[in-house]
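Here is what each chain is made of, one letter per residue.
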Amino acid sequence: MTARVDFSFATRPLIPYAHDYQHGDHEPWHYHNCAQLIHTLSGVVRVETVQGNWVVPPGRGVWVPAGIEHALHITGSVAARTLFIDPLARADLPASCQVVQVSPLLRELIISALALPESYAPNTRAERIYELMLDEMRMIAELPFHLPQPQSAGLAQLCQQVCEWPGERWTLELAAQRINVSSRTLARHFQRETGLQFSDWVRRARLMAALTRLAQGETVLRVALDLGYDSHSAFSAMFRRILGVAPSDYFPAK
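Presented here is an overview of the structure given in this document. (Residues numbered from 1 in each chain as written. Predicted model: local features only at pLDDT ≥ 70, side-chain atom pairs only at ≥ 80, totals over all residues. Heavy atoms only, no water.)

## Side note on the overall build of the protein
Here comes step 1: For the protein, the count of helices and strands is nine helices and 10 strands.
Here comes step 2: Taking the principal axes of the C-alpha coordinates as reference, the protein spans close to 65 × 40 × 30 Å.
Here comes step 3: By residue count, 47% of the 254 residues in the protein fall in the buried class.
Here comes step 4: Here the contacts in the protein between residues at least 6 apart in sequence split such that 73% fall between residues at least 24 apart.
Here comes step 5: When the accessible area of the protein is evaluated, it comes to approximately 12500 Å², of which 52% is carbon and sulfur surface.
Here comes step 6: Within the protein, one finds 23 positive and 24 negative side-chain charges whose respective centroids are separated by 6 Å. (Helix = DSSP H or I, 4+ residues; strand = E, 2+ residues; numbered from the N terminus. Buried < 20%, exposed > 50% of the residue type's maximum accessible area, 1.4 Å probe, protein only. Contact = heavy atoms within 4.5 Å. Areas by Shrake-Rupley, 256 points an atom, 1.4 Å probe, with all protein chains shown as cover. Lys, Arg positive; Asp, Glu negative; His and termini not counted. Charge placed at Lys NZ, Arg CZ, Asp CG, Glu CD.)

Shown next, in the form of structure tokens:
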């Protein structure tokens, strides 16, 4: 049974919460009566929903609207700073799950909000911080860390195979052979059900696998080779293009 977790917003429009997870922790399926922004300072969080999976690398966040059933899977030591937001606080907050960029300003506001009182008077510092956080959340940018899940059995099975063996040379022709359809049919149906070309979906799956393994302390070279890249530099170029930094900078060796 999926648990429902409710919050009261009688005294403030959002509730900040800090929680640290250990590697391997798991939060079972649940949903809230409010929106949720999970910001990670370290480690990797995978958010599972019926619509697909989202992988949240360090320094980013994931937005989960009110009523969305989800489960959390933790890789590495995760320092999470969460905001539970009254869904009526702003009319134009995101309406779908998404991994988002957390600006330096919003990050500092979240940290400051942890020390704010639950009740506050109008025109005070506390009110201004809460209101500024809501304004910042209206401007958060979506990042490509979502693996949409197809609904048809054949495509779902194919995607499961890609996730289990991400290092295989997943050409469109090979994938089509796996499910006994033509390449043209696969390309058309995959785009229709996921919104992505098959090659883009594979690239995302590999990136998400890389984030999870790097967070566990595996070397960049080992991860690169296992995921089908010809070299450390080819993998690092892909990683830098998407995340803006090299994997060795994102997950420095301990």
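## A closer look at the pairing of strand E6 (residues 60-64)
Here comes step 1: The buried fraction of E6 amounts to five of the five residues, a majority that puts the element mostly inside the structure.
Here comes step 2: Here strand E4 (residues 35-49) runs beside E6; their pairing, made up of four bridges, is antiparallel. Across the sheet, His39 pairs through a bridge with Gly61, a residue of E6.
Here comes step 3: Bridge count between E6 and strand E8 (residues 98-101): four bridges; the pairing is antiparallel. Across the sheet, Val62 pairs through a bridge with Val99, a residue of E8. (Pairing = 2+ DSSP bridges.)

## A few points about the pairing of E8
Here comes step 1: Note that E8 and strand E9 (residues 142-143) share two bridges and pair antiparallel. Bridge assignment links Val100 to a residue of E9, and that residue is Glu142.

## Observations concerning the environment of Arg60
Here comes step 1: Tracing the backbone shows Arg60 in strand E6.
Here comes step 2: As for Arg60 and His232, which are separated by 172 residues in sequence, their C-alpha atoms are 24 Å apart.
Here comes step 3: With residues near it in sequence (within four places) discarded, Arg60 still touches Ile38, His39, Thr40, Val99, Val100, Gln101, Val102, Leu143, Leu243 and Tyr250.

## Re the nonpolar core
Here comes step 1: Of all hydrophobic cores here, the largest spans 51 residues; its most connected members are Leu211, Phe235 and Phe239.
Here comes step 2: Tallying contributions element by element places helix H6 (residues 198-215) first for this core, with 10 residues.
Here comes step 3: The contact partners of Phe235, leaving out residues within four places of it in the chain, are Ala210, Leu214, Val220, Val223, Ala224, Leu227, Tyr229 and Pro247.
Here comes step 4: Ala35, Ile110, Ala113 and Met133 belong to the second largest nonpolar core, which has 22 residues in total. (Core = buried A, V, L, I, M, F, W, Y, C linked by side-chain atoms within 4.5 Å.)

## Considering unusual backbone geometry
Here comes step 1: Of note, Asn123 is a non-glycine position whose phi angle comes to about 65°, a positive value.
Here comes step 2: As for its placement among the helices and strands, Asn123 is situated in the loop between helix H1 (104-113) and helix H2 (125-137).

## Here's the deal with the packing of aromatic side chains
Here comes step 1: A complete count under the given rule lists seven aromatic pairs for this structure.
Here comes step 2: Judged by centre distance (5.3 Å) and plane angle (90°), the ring pair of Phe190 and Phe198 falls under edge-to-face.
Here comes step 3: Residue classification places Phe190 among the buried positions, given a relative accessible area of 0%.
Here comes step 4: Among the aromatic residues, those joined into a cluster by ring pairs are Phe7, Tyr17 and Phe84. (Phe/Tyr/Trp six-rings, centres within 6.5 Å; stacked < 30°, edge-to-face > 60°.)

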